[in-house]
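Read off the chains here:
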Amino acid sequence: MNHVLKEAGKWSPKAQKMTINTTHLTYLETKHIYQMAGQTDRFEAAKKFALVRSPVNRVCSFYEYIASNKAHQLHEKVAEMSFAEFVVWLIDHMGDQSGITTCFDHLTNENDEVPSDMQVFDLTEVDERYDEILALCGFDPDQRKQLGKAGFPRLNVSEYGKYVGDVCPDSTGLSLIEYLFEDDYLNFFDNHGAFRWK
């Protein structure tokens with residue numbers, strides 16, 4: 001997804017445009033872009049929400065995505081690994097090299113806290129909270145009624161269960177995931193992956 005920011009809040013052919021890939025920008029990166037564009041007030045006024053996913057589900061999905069996507073820069077390396085080997089590999093490659101970080105790292109402000117005006121939803125709740133999320137996106141009741149209860153499309157669906165068995169015999173793999181995503185467990189999930197937020 002790309003956003004074109006407008007200079008000084010005015011549309012004009014002469015306005016400086018900046019196209020930015022916002023696929024995985026953090027809260028702070030997004031805030032900085034708005035500040036650079038002179039849109040700090042707009043950023044502060046915006047409704048902010050995030051969908052988070054249990055760490056085990058995220059790692060399973062990430063592994064399957066890389067292993068099955070030949071165009072991914074890590075495909076050749078990861079396709080040769082078992083899921084358990086991939087989890088161990090993440091210990092040394094979390095962040096920039098792997099492309100995966102904690103949800104907490106993506107959502108924190110300058111004080112290393114999730115902003116108080118941020119609403120956080122569990123990805124598994126997205127269908128039940130569909131109307132609420134559409135309202136946060138600015139859809140009025142009539143627009144939401146027209147959209148109905150179609151729900152959000154499912155992309156990159158992975159088979160969580162087939163990998164969990166790969167790391168569960170002695171629970172070492174799950175313990176490593178809990179270690180790598182400690183901030184997510186402390187802030188969004190219990191040790192069983194159940195969502196909890198404020």
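Preceding this paragraph is the structure being described.
So, a few notes on the structure that sits alongside this text. In this convention, every chain numbers its residues from 1, walking through the sequence in written order. Local features in this predicted model are restricted to residues of pLDDT 70 or higher, and side-chain atom pairs are both shown and tallied only at a pLDDT of 80 or more, whereas totals for entire chains, interfaces and linings draw on every residue. For the side-chain quantities, the full set of heavy atoms in the structure was used; hydrogens and water were omitted.

1. Quick notes on the packing of helix α3 (residues 55–68) against helix α5 (residues 83–93)
Inference 1: Comment: axis = line fitted to C-alpha atoms, over the contacting stretch for helices; angle = value between 0 and 180 degrees taken between N-to-C directions. Numbering of helices and strands starts at the N terminus; helices are DSSP runs of H or I of at least 4 residues and strands are runs of E of at least 2. α5 packs onto α3 with a crossing angle of 105° between their chain directions and a minimal axis gap of 11 Å. Compared by their axis directions, α3 and α5 come out roughly perpendicular. Residues V59, C60, F62, Y63 and I66 of α3 lie in contact with α5, whose contacting residues are F83, F86, V87 and L90.
Inference 2: All residues other than Ala, Val, Leu, Ile, Met, Phe, Trp, Tyr, Cys, Pro, Asp, Glu, Lys and Arg, Gly among them, are scored as polar; the first ten of these are nonpolar and the last four charged. A breakdown of the residues in the contact of α3 with α5 according to their chemical character gives 9 nonpolar, no polar and no charged. Each angle is binned into one of four classes, with values under 35 degrees roughly parallel, values over 145 roughly antiparallel, values of 65 to 115 roughly perpendicular, and all other values oblique. A contact between two residues is defined here by any heavy atoms of the two lying within 4.5 Å.

2. Examining the packing of aromatic side chains
Inference 1: Any Phe, Tyr or Trp ring, taking Trp's six-membered ring, that has another such ring centre within 6.5 Å forms a pair; planes under 30 degrees apart are called stacked, those over 60 apart edge-to-face, and the others tilted. Across all of its chains, the model carries 8 aromatic pairs by this definition.
Inference 2: Ring geometry for F62 versus F86: centroids 6.1 Å apart, planes at 45°, classification tilted. Taken as a pair, F62 in helix α3 and F86 in helix α5 lie far apart in primary sequence, 24 residues in all. Side by side, F62 and F86 carry an identical accessibility label, which is buried.
Inference 3: Pairing Y63 with F86 gives two aromatic rings, centres 5.3 Å apart and planes at 50°, and the pair type is tilted. Type-normalised accessible area, obtained with a 1.4 Å probe on protein chains alone, sets the label of each residue: buried when under 20%, exposed when over 50%, and partly exposed for intermediate values.

3. Some details on a nonpolar patch on the surface
Inference 1: In this scheme, patches are assembled from residues that exceed 30% relative accessible area and form no salt bridge. Like charges are connected within 9 Å, while nonpolar side chains (Val, Leu, Ile, Met, Phe, Trp, Tyr) are connected within 5 Å. To be clear on the numbers: accessible area is Shrake-Rupley with a 1.4 Å probe, and residue cover counts the displayed protein chains and nothing else. Salt bridges are defined as contacts in which a side-chain nitrogen from Lys or Arg sits within 4 Å of a carboxyl oxygen from Asp or Glu. A surface patch of nonpolar side chains, amounting to about 300 Å² of accessible area, comprises V88, I91 and Y179.
Inference 2: Look at I91 and you get partly exposed, because its relative accessible area is 35%.

4. Some remarks on the nonpolar core
Inference 1: The set of buried Ala, Val, Leu, Ile, Met, Phe, Trp, Tyr and Cys residues whose side-chain atoms join them within 4.5 Å is what this entry labels a nonpolar core. One finds V59, F83, F86, I177 and F188 to be the most contacted residues of the largest nonpolar core, which totals 33 residues.
Inference 2: Elements with a contribution of two residues or more to this core: α1 (27–36), β3 (48–52), α3, α5, α6 (103–107), β4 (118–122) and α10 (172–180).
Inference 3: At 6 residues, α3 tops the list of elements feeding residues into this core.

5. Quick word on α1
Inference 1: Within the sequence span of α1, burial applies to Y27, K31, I33 and Y34. Viewed along the axis of α1, the buried residues span an arc of 160°, placing them on a single side of the element. Within this analysis, the arc is defined by the directions that extend from the helix axis to the C-beta atoms.

6. Describing α3
Inference 1: Expected span of a helix, by definition, is 1.5 Å for each gap between consecutive residues, and there is one gap fewer than residues. With 14 residues, α3 should cover 20 Å at 1.5 Å per step; its first-to-last C-alpha distance of 20 Å lies within 8% of that length.
Inference 2: The buried count for α3 comes to 10 of 14 residues, which makes it a mostly enclosed element.
Inference 3: Taken together, the buried positions of α3 are occupied by P55, V56, R58, V59, C60, S61, F62, Y63, E64 and I66.

7. Details of the environment of M94
Inference 1: Positionally, M94 belongs in the loop between α5 and α6.
Inference 2: When its relative accessible area of 26% is taken as the criterion, M94 is described as partly exposed.
Inference 3: Look past the residues within four positions of M94 in its chain and what remains in contact with it is I100, T101, T102, L180 and F181.

8. Points about the environment of L134
Inference 1: For L134, the position within the fold is in helix α7 (residues 130–136).
Inference 2: A sequence separation of 10 residues divides L134 from R144, and the C-alpha atoms of the two residues are 6.8 Å apart.

9. A word on the side chain of D184
Inference 1: Looking at where D184 falls in the secondary structure, it is placed in helix α11 (residues 182–187).
Inference 2: D184 sits in the buried class, given a relative accessible area of 0%.
Inference 3: Within 3.5 Å is the distance limit for a polar contact, defined as a pair of N or O atoms, with the added protein rule that one can donate a hydrogen and the other accept it, and that residues adjacent in sequence qualify only through two side-chain atoms. There is a polar contact of 2.9 Å between the side chain of D184 and the backbone nitrogen of C103.
Inference 4: Discounting chain neighbours no more than four positions away, the residues touching D184 are P55, R58, T102, C103, F104 and F189.

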